[in-house]
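# Close look at the chain arrangement
The lines below spell out each chain.
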Amino acid sequence: MYKARNGEEIFVIDCHTHFWDGSPANQKNVHGKQFIECFFNYHTGLSPKEELWPKEKFEKYDEKTLYDDLFVKGYVDIAILQPTYLNDFYVNGFNTTEQNSVLKKNHPDRFILNGSFDPRDGTKGIEYLHALKETYDIKGVKLYTAEWKGESKGYKLTDKESYRYLEWCEKLGIKNIHVHKGPTILPLNRDAFDVADVDDVATSFQNLNFIIEHCGLPRLDDFCWIATQETNVYGGLAVAIPFIHSRPAYFAHIISELLYWLGPDKLLFGSDYGIWTPKWIIDKFMAYELPKDVAAETGVKLDLEAKKKILGLNAARLYDIDIAAHKAKFGGEAKKEKALAGGWFR
Amino acid sequence: MKRPSRTSNDVRVSDVWRKLGCVTDPELDESVTEMGFVTEVTIGGDGDVAVSFRLPTYWCSPNFAFMMGEDMRAKILELDWVRSARVVLGEHMYVDAINRGVNEGLSFREAFGEEATGNLDELRKTFLNKAFQWRQEALLSHLLNAGVAGSDVVGWTVGKLYDRETTIEAHDLIARYLDRRHIGGAFDDSSLAFVSIDGVPLSATALPAYLRSIRRLRTNAEFNGALCRRLLVERFSTEPLTGCHS
């Protein structure tokens, strides 16, 4: 919960978090090493100096570190865990649904556990999707259309097999489809950034929501165009939002383009934890005002109402989260903790 | 790794750097030398040129890496004293296929075999079109900010643009735009300076909406450029490059 200057309590849902193991012990090959190093470059390149982690901590952090960074220090009320399997790069996978499920088990009210599928896995993959639904009752999946698999160097949402999987998602009530269309972190085929396939499936699957992670950067221009035409396409702000610190002028242009084309009801906050921690991002985001010339040119507003939507209300709608009930529960827990601590905090 | 030196007693080295300065990263529309991608230029006695370059991540799209390699090699070969040119990418997942393909003059598909889904011509065209639009938007915004009326500017000829080269910034913006003006159709000094990508004259009334719609292209390219610069600096512990022109 973030307390705004006017005293209002703002409910925060971090839509993009990870619990990974990129440590050397888990690396299968040079790709695994390069992968975590590339993530680390994002971390060191865009974090404020005082928020930098040592490399060892970045490679593998524990449950308590994550919990404290998100919920104790970071204002986050609920975090969505997005898996990144990468079984070809890491012995036990990088950040699988199974790894993440430990957090969900220990803190059921704090986490939303998402799954993943790969349409190239055929019938076996459909069975795994069923198993994820049955075991964890997932409501969303994270997809990497650019991921390698054997001879294949990626797939499109418009492939026949993808349709089959999306039909199953619809039937099983897995209605939030997060698609990574973002900066290169994987070996990519040449169409990997192309967001055109989203346009097609968003029209075909009106009951599903398509959340385009990283807003299609580095193809923001194409993404804005598509998102404008489809009512069920959303933009995830992970990777875009840290620019608020290192390049605020760019951030102003990006967020104003997104607000202009998609509007404040279609954008979702994500820290991309552990690449970045939510506290400093949210502090800066809440304090942020669009430069007057940018606001005047685009006619968009990034006021408290818009910020509340981006930080939590939009995601609550997609994931059927009862904010009032959670506020009451978390508020009660906080009071209990304070009471147990002997009321020292009051 | 420190920022590469571009000076040498051998004037041919400067020739090569200047040629490389004309090659852009298609996604960013910025030159490969300004981005800090080119690390070394060496010249053998008989005019055998070798260039090394690097990219911000191990995974940077091989298609764009390939295009940059091809373009660099072609530019160097334009110099009449050059006997051979070898362009070598380092620390990338696809170094072997890219270096072999570029230096043996293979197509992308020939270099990557089954892994490639096609040749690069269409992709090249897409990004040339984008570059035309974002350079045009940058120049038009500059002129409008300087007080030129939209109703006037839509009627300007290419020749008229040269009269506006009163500052270094304007000169650069005009040069960059004219370098891509052919995308909107063949032109001479008496042609309209500003046309749509299909060669259609712009209308004064539709100009604000038109600019609004192409502005996101430039926002996107600038964001990519900023991200790539940061990642390059972090990856190679190099010094940030600040708008140096070669």
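Because the structure is a prediction, the values reported are computed rather than measured. (Residues numbered from 1 in each chain as written. Chains lettered and ligands numbered in written order. Predicted model: local features only at pLDDT ≥ 70, side-chain atom pairs only at ≥ 80, totals over all residues.)

What follows concerns the overall build of chain B. A count of helices and strands for chain B gives 9 helices and 5 strands. Reading chain B from its N terminus to its C terminus gives the helix and strand order α-β-β-β-β-α-β-α-α-α-α-α-α-α. Its C-alpha atoms give chain B a radius of gyration of 19 Å, near enough to 18 Å, the size a compact globule of 246 residues would have. The principal-axis extent of the C-alpha atoms belonging to chain B is close to 55 × 45 × 35 Å. Within chain B, buried positions represent 41% of all 246 residues. (Helix = DSSP H or I, 4+ residues; strand = E, 2+ residues; numbered from the N terminus. Rg over C-alpha atoms; globule rule 2.2 N^0.38 Å. Buried ≥ 20, exposed ≤ 12 C-beta atoms within 10 Å, placed from the backbone.)

All right, on to the domain arrangement of chain A then. Residues and elements named next belong to chain A. The domain boundaries assigned to chain A delineate domain 1 (1-113 + 268-346) and domain 2 (125-236). The distance between the C-alpha centroids of domain 1 and domain 2 comes to 22 Å. Facing the 15 residues of domain 1 at the interface are 14 residues of domain 2. Going through the elements one at a time, β3 (13-17), α1 (30-46), α4 (97-106) and β5 (111-113) are the ones with two or more residues in the side of domain 1 that touches domain 2. When grouped by side-chain class, the residues that make up the side of domain 1 that touches domain 2 number 9 nonpolar, 5 polar and 1 charged. (Domains from an automatic or database assignment. Contact = placed C-beta atoms within 7 Å. Nonpolar A, V, L, I, M, F, W, Y, C, P; charged D, E, K, R; others polar.)

Residues of helix α8 (residues 168-178) of chain B that are buried: Leu173(B), Ile174(B) and Tyr177(B). Burial along α8(B) is one-sided: seen end-on, the buried residues are contained in an arc of 95 degrees. (Arc of directions from axis to C-beta.)

Okay, the packing of helix α8 (residues 220-229) of chain A against helix α9 (residues 207-236) of chain B next. Running from amino to carboxyl end, α8(A) crosses α9(B) at an angle of 135 degrees, the nearest separation of the two axes being 8 Å. Taken together, the axes of α8(A) and α9(B) lie oblique to each other. Contacts between α8(A) and α9(B) involve Leu220(A), Asp221(A) and Cys224(A) from the first element and Arg216(B), Leu217(B), Thr219(B), Asn220(B) and Phe223(B) from the second. Here the contact of α8(A) with α9(B) is composed, by residue class, of 4 nonpolar, 2 polar and 2 charged. (Axes fitted to C-alpha atoms, helices over the stretch in contact; angles between N-to-C directions. Parallel < 35°, antiparallel > 145°, perpendicular 65-115°, else oblique.)

What follows covers the sheet that holds β5(A). Through backbone hydrogen bonds, the strands of a sheet pair up, either in parallel or in antiparallel fashion. All names here are of chain A. Strand order in the open sheet formed by 3 strands is β3-β4-β5, and the pairing between neighbours is parallel. The sheet terminates laterally at β3 and β5, the two strands that pair on one side only. When strand polarity is set aside, the average angle formed by the axes of neighbouring strands in this sheet is 20 degrees. (Pairing = 2+ DSSP bridges.)

Quick look at the packing of helix α5 (residues 121-145) of chain B against α9(B) now. All names here are of chain B. Where α5 meets α9, the axes come as close as 9 Å, and the angle between the chain directions of the two elements is 110 degrees. When the interaxial angle is binned, α5 and α9 end up roughly perpendicular. When α5 is examined against α9, the residues Lys 130, Gln 133, Trp 134, Glu 137, Ala 138, Leu 140 and Ser 141 are found in contact with a partner set consisting of Leu 211, Ile 214, Arg 215, Leu 217, Arg 218 and Ala 221. Of the residues contributing to the contact of α5 with α9, the split by class is 7 nonpolar, 2 polar and 4 charged.

The next point concerns the domain arrangement of chain B. Residue and element names in this part refer to chain B. Each assigned domain of chain B is listed with its residue range as follows: domain 1 (11-119) and domain 2 (122-226). For domain 1 and domain 2, the distance between their C-alpha centroids amounts to 28 Å. Partitioned by chemical class, the residues of the side of domain 1 that touches domain 2 number 3 nonpolar, 1 polar and 3 charged.

All names here are of chain A. Across its 15 residues, helix α13 (residues 304-318) extends 20 Å between first and last C-alpha, which sits within 8% of the 21 Å expected from 1.5 Å per residue. Its axis deflected by about 55 degrees at Ile 310, α13 carries its strongest bend there. Every buried residue belonging to α13 is among Lys 307, Lys 309, Ile 310, Leu 311, Gly 312, Leu 313, Asn 314 and Ala 315, and all of these are buried. Of the residues trailing α13, Asp 320 is marked for its positive phi of about 50 degrees. (Expected span 1.5 Å × (residues − 1). Bend = angle between axes of the 7 residues up to and from the residue.)

Membership of the largest hydrophobic core comes to 149 residues, with the highest contact counts inside it found for Val198(A), Phe210(A) and Ile212(A). Here the element with the most residues in this core is α9(B); it accounts for 9 residues. Not counting the four nearest positions on each side in its chain, Ile212(A) is found in contact with Val179(A), Lys181(A), Val195(A), Val198(A), Phe223(A), Val233(A), Tyr234(A), Gly235(A) and Gly236(A). (Core = buried A, V, L, I, M, F, W, Y, C linked by C-beta atoms within 7 Å.)

Residues and elements named next belong to chain B. The predicted model of chain B averages 90 in pLDDT, with 90% of residues at 70 or higher. Within chain B, helix α4 (residues 108-112) has the poorest average pLDDT of any element, 86, and strand β5 (residues 84-89) the best, 98. Note that residues 241-246 has pLDDT below 50 and, in this model, 10 contacts with residues that lie over four places away or in other chains. Model confidence for the complex is summarised by a pTM of 0.89, with the ipTM given as 0.85. (pLDDT = per-residue confidence, 0-100.)

Residue and element names in this part refer to chain A. By the element assignment, Asp 69 lies in helix α3 (residues 63-72). For Asp 69, a count of 21 C-beta atoms within 10 Å gives the class buried. Spatially, the C-alpha atoms of Asp 69 and Trp 276 are 9.9 Å apart, while their sequence positions differ by 207 residues. With near-sequence residues (within four places) excluded, Asp 69 lies in contact with Gly 74, Tyr 273 and Thr 277.

What follows covers the sheet that holds strand β9 (residues 233-236) of chain A. Residue and element names in this part refer to chain A. Across the sheet, 5 strands lie side by side as β6-β7-β8-β9-β10; this open sheet has parallel pairing. Each having just a single partner strand, β6 (140-143) and β10 (267-268) make up the two edges of the open sheet. Here β6 runs beside strand β7 (residues 176-180); their pairing, made up of 4 bridges, is parallel. Bridge assignment links Val 141 to a residue of β7, and that residue is Ile 177.

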